[in-house]
Amino acid sequence: MNKSIIILSLLPIFITYLISFFNFKKLELETLNYIVPTIIYSSLLFILFSIPNINSLSIPFLTINGNDINLIFDYIDKNLLMSKVVLIISTLVLIYSSKFIEGEERRSHSRYFLFLSVFISSMFIFTISSDLFSSFIFWELLGLSSYFLIGFWNKDSEAIKSSTIAFWITRFGDLFFLAGIILIFTTAGTLDINNLNQIASNSNLDIKFPLLFIVIGIFSKSAQFPFNIWLPKAMKGPTPVSSLIHSATMVVAGVLLLFKIYPLISTSIGLLNLLTTIGIISSFIGAIAAFYEEDLKKILAYSTISHIGLMFLAIGISKPDLAYFHMFSHSFFKSLLFLFAGIVIMLNGTSKLENLDSSIKLKSTMGAILIIACCSLSSIYFFTGSFSKEYIIFSMIDDGLYIEGLIILFGVIFTSLYSAKILFTLIDFNPKNESLDKIDLKFIGPLLILAILSLSGPLTMSIFNKSIEITKVPHSILWILALQILTFSTFYIYLKTKDIINEKLYNFRSLSDSLFVTDKIYLEIYDKVFKSTSIFIAWFDRNILDGLINFIPFRIIYTSKKLMGLQNGQAKLYAVRSIIFFILLILLIIVTSDELIIGALK
Amino acid sequence: MDQIKFLLPEITLILLSFALLFNSLIDQIDKRITNKILLIIGSLVSIILLLNENPQGYFLNDTFENNTLTNTIKVLLVSGTLLSLLLISNSKSEQFKNFFNEYCFLLILSLVGGMIVVSSREFLTMIISFEILSIPIYLISAMGPNSKKSIEAATKLFFFGTLSTVFLIFSAVLFYSISGSTYINDIAWSTKDSVIVLSTIFLLVTVSFKCALYPFHFWVSDTYESAPMNILPFLSTIPKIAIIAFVFFFFQNLYNFNTNNQIINIISILIIGSISFGSILSVKQNNLFRLLAYSGIPHAGILIACAINPLPVSSDFLILYFTFYIFSNVGLFICLNSLPKINKDFTINDLSGLYKDSSFIAICLTIFLLSLAGAPLFAGFWGKFNVALISYKSFGLFLPILIMASAAVSFYYYIKIIRFIFLNKSIDQTYKFSTNTINIFLIIICVIITMALGINPNLMTKIF
């Protein structure tokens, strides 16, 4: 069973690859493109739910200096919980994509679904992988397939540039990740996470620097400060892809990994502090940037950075289960918001918020979904987003981190502000015509399911609690009330004084821009260093290397032509030459000593 | 009389040649069929004698030696000759119509000469067997289609052949002057006398003439161009293989004594020159037969490199290379002989569109050419690879690199031919032609052996 699950999860890749071959013939197999992966992933989900205990799988891969590197896949609850979330959201995104992609050129469909399958499968296996090496393999595959997916519209130069930037920044982090893995292997002699955790708790193994490298890799993949540039740029990709990248897969993969290796991380106070600091910075500037942003998808992107910052913060303050919980709940409402944004952008043809003014009617399904999503986003009580976030804030107060808590509270205000901005800009309170837009079931169905999951906070919490024990955070009802009042009052103030807030706060825009000075550095590096280097390398390759390689054959042909002239058919000349060569041989014997011409005879 | 049993295979072949000569005199019966039957029966008897009955050891005052290796090489020589003679007796062209029995007679005599070369361990018998090997070839190369050109080529061949024989005799004389013996396993090889080295130079120059090693290769392209096409399968393989086998035994003998390094120096110059210049010479050739003539030079160089290797495994690799070289070359020339419009001014361009005319011939030609070039999965790859490997063990890195570089260059000119066969359109109007059944049979035998060796290069060592 344990092996067949892996094989089953890899099956969609091969099937979509096969279909992409048939699609060049005029077989109408486009529908299979999404039906087959959907069926396979949902059956996988069914298997995971129905079979409770599956043995872990260990595949021998390499042996270096007597130490084994095995690919280990653990089917334990804390892995499987995320796998299930990944599968649920992936299945919904696949269904949504089938409609979303319809307008595109037919030949690109199979490409889209192929890379989507690679992406989902590698994320699924990443969630259950329980050793650093297999984690790295699927981590890399995630990066690669996201590169292709972000650059899916390959006629758009902006999309290409975005995907390239996303790729090289994540590659940069992967390099650190790999270095960390190698260092850990050389010091600890194993890459099995369970073994490592045991070793870390029993002996005082010094793997601070390797862990730092791994954490840097995780920062780059999760688009945390200072690697936060690529995530907003990745919005050039198709919206379902963004939804997948931002909710349950790529960016939270790092959080999942940190959760798995938490016992290792917790051996070093410095690392925990680093995680806390980066988490707070990212959370704060993500929230501010989201408020100032004008593009709907980019707002959501920055909001993701902010939320993931919170998760890192939770790990930093030694509450990994809260980070996991926040990741779990964040997945639902963020994918909901993205899929929603996809429909809005598709209907209106733009993603600029000012052009989307009053585009959703209050009394419609879409309106209801938007309200649920925004409430969940700003963590209004009872919605899915609320519990985890509140727990994180409360535990900060509980630990006595007041200054940090204050910054986070600022972040909460800005979170409410951008949620309000989305909500009150998009929604039309006084619709003039009552006719409802017909929206396809493939669009609205996944949205509804995700909306239900985002609506029911206690339900998701109970599911989560069944698998992993949440640390009890002491809190009083008063604190919850205070937070809710803060949120609601922000909403109210925004609604009443929309124009004033926009005018006043926009004066501080330069402040938020200055927070993103790192972006400019990256773009400078990309333009100056990478492009000029690649131009130089291309020149070097074309002229020097190819020149050298071409030089030899040209010389050979030239020599061949010259030698042909010697063969003129006159026997006496041949004879003379033979005699000359014979005399030369004898002379050579006189000149050379006993040393061998073609090397020593052993 | 007791020792005649050592020479039974050779005697069988001589009897066969006489029978063929008688066959040419009898008018009543169909000469072609009796010729083929005689050829097949005689050769098979000889092969069976070689495989089973032939006693091993030194005989006739230790001037000859029979062992498993000589027997194997002789089997290869006989089977290669059988294939080429069947082609000749099957030939429809004018000058072969009436004289094929005589051709076969002469070539079998030459083959017997080659077989004795392989066995001979003494200078006098060696000189005589070299002559038996060469003289029939001089005769036959004069019988080309364009008689004026053929006679020119034959004269050149005769001239250089005689020159090389003179060198050989002189080598024997020099050796005798020091050692008082004509046996090549004489103790005199261990002395560091410069006359012995000089004698070796003479011997090696003879070998270079006969195998067309650079820089003594001048005759080869002219001869290939003007000799009758049907004898090319024989001419390009049998004398070369016989003489290289002799070089192998000669050098294995030398290694028993403390070899003078200068002998290795001389032969290494010949090897390096043949492998490098032979490849370069072929690059710009346009005439198909000249190209094939030149492309034989690096093969001879690599074979010599294998033959002089002191490692015991070199005999196995030599047999592998011989087998592949005989069957690929014979198959290649049989394919070319099967083309209807073939003549000696044939350029590579004239092969254009062959695939459309006869896909069978085209594919078989491609297999032989790839095998000769040393493409992986074909026998030639293993041949060159093995030689490079053992050369690395004995002589260091230079020779293997040279062999690989020459293989790379040889890909250029062999694949140039393949490109014309497949890609270019036919210059003339396309015409389908039917190939003779016997030719197809011969080609298929060659293809099977080439492919089988490519898939399992250990085949030959398993059989013998």
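Residues numbered from 1 in each chain as written. Chains lettered and ligands numbered in written order. Predicted model: local features only at pLDDT ≥ 70, side-chain atom pairs only at ≥ 80, totals over all residues. Heavy atoms only, no water.

Chemist: What should I look at first to understand unusual backbone geometry in this one?
Modeler: Among all residues save glycine, negative phi is the norm, and among peptide bonds the norm is trans. Omega for the peptide link from B:Tyr214 to B:Pro215 comes to 5 degrees, which places this bond in the cis form. Secondary-structure assignment places B:Pro215 in the loop between helix H8 (194-211) and helix H9 (218-226). The phi torsion at A:Ser318 lies on the positive side, around 60 degrees, for a residue other than glycine. You can see A:Ser318 is positioned in the loop between helix H14 (296-316) and helix H15 (320-348). On the basis of relative accessible area, A:Ser318 is assigned to the partly exposed category, the value being 36%. Positive phi, close to 60 degrees, is recorded for B:Asp62, a residue that is not glycine. (Helix = DSSP H or I, 4+ residues; strand = E, 2+ residues; numbered from the N terminus. Buried < 20%, exposed > 50% of the residue type's maximum accessible area, 1.4 Å probe, protein only.)

Chemist: In this structure, what is going on with the pattern of salt bridges? I would like to understand it.
Modeler: Pairs can form between side chains of opposite charge whenever their charged atoms are close. All names here are of chain B. Summed over the entire model, instances satisfying the criterion amount to eight salt bridges over all chains. The salt bridge involving glutamate 65 is made with arginine 121; its shortest N-O contact spans 2.7 Å. Here the residue glutamate 65 occupies a position in strand S2 (residues 64-66), and arginine 121 occupies one in the loop between helix H5 (100-119) and helix H6 (123-141), the gap between them amounting to 56 residues. Here arginine 121 falls in the buried class, since its relative accessible area comes to 2%. One connected set of salt bridges, linked through shared partners, spans Glu152, Lys156, Asp222, Glu225 and Arg290. (Salt bridge = Lys/Arg side-chain N within 4 Å of Asp/Glu carboxyl O.)

Chemist: Any chance you could explain the pairing of strand S1 (residues 57-64) of chain A here in plain terms?
Modeler: In regular strands, side chains alternate between the two faces of the sheet. Note: S1(A) against strand S2 (residues 67-73) of chain A, seven bridges, orientation antiparallel. Considered in S2(A), the bridge of A:Ser58 is made with A:Ile72. (Pairing = 2+ DSSP bridges.)

Chemist: Just checking my understanding: could you explain the packing of aromatic side chains for this structure?
Modeler: Any aromatic ring pair is given by two values, namely how distant the centres are and how the planes are angled relative to each other. Going through the model one piece at a time under the given rule, you end up with 49 aromatic pairs over all chains. Between B:Phe324 and B:Tyr325 the ring centres are 6.5 Å apart and the planes differ by 75 degrees, which places this aromatic pair in the edge-to-face class. Comparing B:Phe324 with B:Tyr325, the two get one shared label, buried. An aromatic cluster of three or more residues is present, and its members are A:Tyr574, A:Phe582, B:Phe159, B:Phe160, B:Phe167, B:Phe170, B:Phe202, B:Phe209, B:Phe216 and B:Phe218. (Phe/Tyr/Trp six-rings, centres within 6.5 Å; stacked < 30°, edge-to-face > 60°.)

Chemist: Looking at this structure, how should I read the packing of helix H15 (residues 359-373) of chain B against helix H17 (residues 398-422) of chain B?
Modeler: When two helices pack together, their arrangement is given by the angle between the helix axes and the distance between those axes. Residues and elements named next belong to chain B. Contact geometry for H15 and H17: axes closest at 9 Å, N-to-C directions at 170 degrees. It follows that H15 is roughly antiparallel to H17 by the angle criterion. Of H17, the residues touching H15 (which contributes Ala362, Leu365, Thr366, Leu369, Leu370, Leu372 and Ala373) are Ala407, Ser410, Phe411, Tyr414, Ile417, Ile418, Ile421 and Phe422. (Axes fitted to C-alpha atoms, helices over the stretch in contact; angles between N-to-C directions. Parallel < 35°, antiparallel > 145°, perpendicular 65-115°, else oblique. Contact = heavy atoms within 4.5 Å.)

Chemist: Would you explain the interface of chain A and chain B in this entry?
Modeler: Interfaces are often sized by the accessible area lost when the parts come together. Facing 32 residues of chain A, the contacting portion of chain B comprises 46 residues. Between chain A and chain B, a total of about 3500 Å² is buried, with carbon and sulfur atoms accounting for 73% of that surface. The interface formed by chain A and chain B includes zero salt bridges. The interface formed by chain A and chain B contains four residue pairs in polar contact (both at pLDDT 80 or more). Those elements that provide at least two residues to the side of chain A that touches chain B are helix H24 (517-564) and helix H25 (571-591) of chain A. Among the elements that take part in the side of chain A that touches chain B, H25(A) stands out by supplying 12 residues, more than any other. In terms of residue class, the side of chain A that touches chain B is made up of 19 nonpolar, eight polar and five charged. (Buried area = accessible area lost by both parts, 1.4 Å probe. Polar contact = N/O pair within 3.5 Å; in protein donor to acceptor, adjacent residues only side chain to side chain. Nonpolar A, V, L, I, M, F, W, Y, C, P; charged D, E, K, R; others polar.)

Chemist: Even after reading the chapter, I still don't get the packing of helix H13 (residues 269-292) of chain A against H14(A), so can you show me in this structure?
Modeler: Residue and element names in this part refer to chain A. Put simply, H13 and H14 touch, their axes get as near as 7 Å, and they point 155 degrees apart. The angle between H13 and H14 places the two elements in the roughly antiparallel class. For the element pair H13 and H14, the recorded crossing hand is left-handed. The segment H13 lies against H14, with Leu272, Leu275, Thr276, Gly279, Ile280, Ser282, Ser283, Gly286, Ala287, Ala289 and Ala290 engaging Ile299, Tyr302, Ser303, Ile305, Ser306, Gly309, Leu310, Phe312, Leu313, Ile315 and Gly316. A per-class count over the contact of H13 with H14 returns 13 nonpolar, nine polar and no charged. (Left-handed = near helix turned anticlockwise from the far one by under 90°.)

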